[in-house]
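Letter by letter, the chains look like this.
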Number of protein chains: 2
Amino acid sequence: MYRRHRIRIKEILKADATACVDQTITVAGWARTVRKQGAKLMFVELNDGSVGTSLQCVLHEPTCEGFDGCKTNGGTGASFQFVGKVVQSQGEGQLVELQVSSAKLLGAVYAGNIEGTEIGGMLYPMPKKDLTLEHMREQAHLRPRGAIHAAAMRIRHCMAYATHNFFHNHGFLYIHTPIVTGADCEGAGEQFGITTLLGSDHHQKDIALPVDPNKPIEETVIGAVDYSTDFFGQRVNLTVSGQLNVETHACALSDVYTFGPTFRAENSFTSRHLSEFWMIEPEIAFADLTDDINLAEDYLKYCVEYALENCADDLEFFENNPYGEMGLRDRLRNVIANPFKRLTYTEAIEILQNAVAEGHKFEETPVWGMDLPSEHERFICEKVFQQPVVLTDYPKDIKAFYMKLNDDGKTVAAADVLVPKIGEIIGGSQREHRMDVLKQRCLEMNLDPRSVWWYLDLRRYGTVPHAGFGLGFERLILFITGLSNIRDVIPFPRWAGNSKF
Amino acid sequence: MYRRHRIRIKEILKADATACVDQTITVAGWARTVRKQGAKLMFVELNDGSVGTSLQCVLHEPTCEGFDGCKTNGGTGASFQFVGKVVQSQGEGQLVELQVSSAKLLGAVYAGNIEGTEIGGMLYPMPKKDLTLEHMREQAHLRPRGAIHAAAMRIRHCMAYATHNFFHNHGFLYIHTPIVTGADCEGAGEQFGITTLLGSDHHQKDIALPVDPNKPIEETVIGAVDYSTDFFGQRVNLTVSGQLNVETHACALSDVYTFGPTFRAENSFTSRHLSEFWMIEPEIAFADLTDDINLAEDYLKYCVEYALENCADDLEFFENNPYGEMGLRDRLRNVIANPFKRLTYTEAIEILQNAVAEGHKFEETPVWGMDLPSEHERFICEKVFQQPVVLTDYPKDIKAFYMKLNDDGKTVAAADVLVPKIGEIIGGSQREHRMDVLKQRCLEMNLDPRSVWWYLDLRRYGTVPHAGFGLGFERLILFITGLSNIRDVIPFPRWAGNSKF
């Protein structure tokens, strides 16, 4: 049977912490701070990542076995195992503390010199002091030892768990759509190529790409790279979305979702874009756009409620942290409190144009047919409605080929969920399930229907109305934590020029 | 509020199905079979993917609105929505059936001609008849409409859900380790390169790779591809394992796990290998190899128990299917019944050598120091012990640089879990947490310690004993379903030459 040799600090510091008083326990973790008082007394704030707060551990030489071995430890970052008795705390700021009877230094901090041979904290990259988020990103391997990233990771875990719970409890099946894809039809963004043509290691040399100048590829292109000798025998890319693939399973298993990594090879140096990010994409059969919006609203509210109930400590931390957000939990409670405001894209344009008429300045003038920039989206949900807003029925020309054409012939059954602080957090649509219309839309968007033959097959054989949406998981974490840079809510962020660790 | 406009067939056909009798319900799904009896009576076996069994729906012209519109449907694969009353079944094989009062054909099967313009089932690739697994792999977009793949996907979902439950309930955090990685140190297998040097679309032409013949790269290699102009500014690969990355979070948050896709660019045309597969990798701090094995055993047993309790119908289906396995559930129950047998690699070699002495023939002669081939592994767990077996303490030369060196200087604290039918299903180890030993091991394995500077940092700053393992998710699904080809338990399998859909 698996069991820990220690109690998790979370279990000691929970609300009824005094219930542990007089118990003898073992804990292990890393020192947030080490403070010495004279030669015989040492205070270690010990953290094991299970909770943001640390446990104050008091080592008093006469009654603490192993005291001497712990004295030289390098300070913040050193790892210890302590056995001791939980007692009511004399000091401020904590209900209980640990009176250590047996102490063991597991690992000192060797940052006393640049070679790492001397114990000391001088060069430790994560000292207990005000560190910038930029500095911590550079130290992504040590970043989870900091309070901010640890709290973000605990919330991230809870949101992933809440996601699986929500869909499982609603009878959805989790489908792993492929990461490597030969499909060339999504149009959601620039793609990364995957290849073994450049050799399988980092230092391969003398590489000549097999380019056949005469061989026509796809009938129209001459002189392209000849992928026939590549691993998959064709050009393949990292997926930009699991949607087209997961539709195949929705059209058989009815209610499904993906939750996996997706990729965009775009030079977007914004605080809201990553080259590698995780996406959740449910797909429901026998459903229309209203069902889809209902699902999106319920799912988002479930996540917010789950966080409020299960991540209270960490939300409070972000509420009081300068990198977090004042009034965070009020903003979240407001999300649950009311039905999301629903209006059409056309109505939104009218509101924006009225705002302009009344003197509001936008960088871009709102015009029917445009893709709404972030400033418009945030104006609608932050200034006009001050709550989450669902915009529907976008112009067909700014949306993907697979969205269901409305009867007006101009708009499609698309829905974006806009939230304060983030802007668009969810994008969805009813899918075009009518074969003739879908083929026509392919042609209008310059997509060869033959390249999506299998996608069309779903409409050829027992087609059904269906709908779905995509939620960028990191944007959800920004939304929940109040952090403002997407690079701070994923363990190892990737963007142009950055693939460290 | 999200709610379906239909009841899921699973809810009607559950054990106490007769409880639904006399209720008027709406169902929707795809026809497994359509059978006509005269001009006025039609039987549709309707399936919506929620359960393997189909609901018999009876359409009788005089009392069924919409009967005429449903008559020409193309048969198997056509989609319907039915409203009707649940009644006790007259026929054999089902407790209840649906007396349809209102019927709607959602989508006919247009497989009457090759152009797909005529309703008919003649050319439908998934007719209701004996289809080979190979045929269905070619039709991966329609494959979930078949009973085998649908059952496999339901079990796959449940195993993913059980995985998240198990780790969450034990206080682990789910960490998303990166897919794109610049690290070049794992040595777990051949890697795929990711690049934008070959252009961002399928038909890019006139590509000249930027190769600088004079520029030294990594000090020793001249004339390699110059990745400085690539998207990430360096050579990057698809990850082969999240372990090294997740260790960074274990050394701060204590107990973590990954569950994500991993990739191997190997031409392994076996029934147990894929180029893209999902892996679960827990990592526990303050733990040794025994803790690691305990965790692996508990986790595997939890999954098996979860399947027996929650996937009983689908397990029964596989037990009776020619592609499944006779005695499947007995084999699974046997996994839970007893503690896993634990012995050292050295003891296993002795057992194998004794078997040879007694006349057993192996393709490869068992010799201490060799990497055990599948035939040896399966002999140990299928013939000798007839239960899951954990082998420990492997020769250091056949294992990775990061495994903890045992005191004998010859073996490392590694553990593989071998199960009947599959062979190795889990591979794990205690990690080398001593800086000096780890550096030495890097050098022995020709790995430049500077290339893993951040991994070494975990040992430099407050190192702790820690351990973890990896489980190939698709092998788990083979183990639970009794299916024998790994390509049949993942939605869109990828292998050399195959990246369709």
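Residues numbered from 1 in each chain as written. Chains lettered and ligands numbered in written order. Predicted model: local features only at pLDDT ≥ 70, side-chain atom pairs only at ≥ 80, totals over all residues. Heavy atoms only, no water.

- As recorded in an unreviewed UniProt entry, chain A goes by the name asparagine--tRNA ligase, listed as coming from Phaeodactylum tricornutum.
- Recorded in UniProt for chain A, the comment headed Sequence similarities (unreviewed entry) runs: "Belongs to the class-II aminoacyl-tRNA synthetase family." (UniProt positions renumbered as here; feature names shortened; annotations may be inferred.)

## Here we look at helix H12 (residues 453-460) of chain A
Residues and elements named next belong to chain A.
Link 1 in the chain: The element H12 is largely enclosed, with a buried count of 7 among its 8 residues.
Link 2 in the chain: Considered for burial, the residues of H12 that qualify are Trp454, Tyr455, Leu456, Asp457, Leu458, Arg459 and Arg460.
Link 3 in the chain: Each element contacted by the buried residues of H12 is listed here: helix H5 (243-253), helix H11 (435-444) and strand S18 (466-472). (Buried < 20%, exposed > 50% of the residue type's maximum accessible area, 1.4 Å probe, protein only. Helix = DSSP H or I, 4+ residues; strand = E, 2+ residues; numbered from the N terminus. Contact = heavy atoms within 4.5 Å.)

## Quick word on the domain arrangement of chain A
Link 1 in the chain: For chain A, the assigned domains read domain 1 (9-107) and domain 2 (150-195 + 235-488).
Link 2 in the chain: In this structure, domain 1 of chain A and domain 2 of chain A have C-alpha centres spaced 45 Å apart. (Domains from an automatic or database assignment.)

## So, the interface of chain A and chain B
Link 1 in the chain: Each side of the interface is counted separately: chain A has 139 residues, and chain B has 139 residues.
Link 2 in the chain: Carbon and sulfur atoms supply 60% of the area that chain A and chain B bury against each other, a total of about 11700 Å² over both sides.
Link 3 in the chain: On the surface where chain A and chain B come into contact, there are 4 salt bridges.
Link 4 in the chain: Ionic pairing is found between Asp255 of chain A and Arg4 of chain B, a salt bridge with its closest N-O pair at 2.6 Å.
Link 5 in the chain: Between chain A and chain B we count 64 residue pairs in polar contact (both at pLDDT 80 or more) in total.
Link 6 in the chain: Among the elements that line the side of chain A that touches chain B, the one with the most residues is helix H4 (residues 147-169) of chain A, at 12 residues.
Link 7 in the chain: When the residues that make up the side of chain A that touches chain B are grouped by side-chain class, the tally is 68 nonpolar, 45 polar and 26 charged.
Link 8 in the chain: Two elements, strand S8 (residues 193-195) of chain A and strand S8 (residues 193-195) of chain B, share 3 bridges in a ladder whose sense is antiparallel. Counted as the bridge partner of Thr195 of chain A is Gly193 of chain B from S8 of chain B. (Buried area = accessible area lost by both parts, 1.4 Å probe. Salt bridge = Lys/Arg side-chain N within 4 Å of Asp/Glu carboxyl O. Polar contact = N/O pair within 3.5 Å; in protein donor to acceptor, adjacent residues only side chain to side chain. Nonpolar A, V, L, I, M, F, W, Y, C, P; charged D, E, K, R; others polar. Pairing = 2+ DSSP bridges.)

## What about helix H11 (residues 435-444) of chain B?
Because each turn of an α-helix spans 3.6 residues, side chains separated by three or four positions end up pointing in the same direction.
Residues and elements named next belong to chain B.
Link 1 in the chain: Along H11, the residues that are buried comprise Met435, Val437, Leu438, Arg441 and Cys442. The arc that holds the buried residues of H11, viewed along the axis, is 165°, so those residues lie on one side. The exposed residues of H11 that point more than 90 degrees off its buried face are Asp436 and Leu443.
Link 2 in the chain: Here the buried face of H11 lies against strand S16 (411-419) and helix H12 (453-460).
Link 3 in the chain: The positive-phi residue at the C-terminal boundary of H11 is Asn446, with phi of around 60°. (Arc of directions from axis to C-beta.)

## Describing the confidence of the model for chain A
Segments scoring low in pLDDT should not have their predicted coordinates read at a detailed level.
Link 1 in the chain: Looking at chain A as a whole, its pLDDT mean stands at 92, while 93% of the residues score no less than 70.
Link 2 in the chain: Long-range and interchain partners of residues 216-222 of chain A, a stretch whose pLDDT sits below 50, account for 13 contacts in this model, where long-range means more than four residues apart. (pLDDT = per-residue confidence, 0-100.)

## Re the sheet that holds S18 of chain A
All names here are of chain A.
Link 1 in the chain: Read from one edge of the open sheet, 8 strands run S6-S12-S13-S18-S17-S16-S15-S14, paired in mixed fashion. At either end of the open sheet lies a strand with only one pairing partner, and these are strand S6 (173-174) and strand S14 (341-344).
Link 2 in the chain: Where strand S16 (residues 411-419) and strand S17 (residues 423-430) come together, 6 bridges link them in antiparallel fashion. Across the sheet, residue Asp416 finds its bridge partner in S17, namely Gly427.
Link 3 in the chain: On the sheet, H4 packs against S6, strand S12 (255-263) and strand S13 (276-285) and is oriented at approximately 150° with respect to S12. (Axes fitted to C-alpha atoms, helices over the stretch in contact; angles between N-to-C directions.)

## Quick word on the pattern of salt bridges
Residues and elements named next belong to chain A.
Link 1 in the chain: Taken as a whole, this structure holds 54 salt bridges over all chains when the rule is applied.
Link 2 in the chain: The residue Glu247 makes a salt bridge to Arg431 at a minimum N-O spacing of 3.8 Å. Of this pair, Glu247 sits in helix H5 while Arg431 sits in the loop between S17 and H11, placing them 184 residues apart in sequence. Side by side, Glu247 and Arg431 carry an identical accessibility label, which is buried.
Link 3 in the chain: Asp457 is paired through a salt bridge with Arg460; the nearest N and O atoms lie 3.3 Å apart.

## Considering the relation of the copies chain A and chain B
Link 1 in the chain: When chain A is fitted to chain B, the residual RMSD is 0.0 Å, and the transformation amounts to a turn of 180° plus an axial shift of 0.0 Å. Both chain copies can therefore be described as sitting about a two-fold axis. Across chain A, the rotation axis passes nearest the C-alpha of Ile194 of chain A, at a separation of 2.4 Å.
Link 2 in the chain: Interface overlap between copies is the fraction of interface residues in one copy that are interface residues in the other; for chain A against chain B it reaches 100%, indicating a shared surface. (Least-squares fit on C-alpha atoms with pLDDT ≥ 70 in both.)

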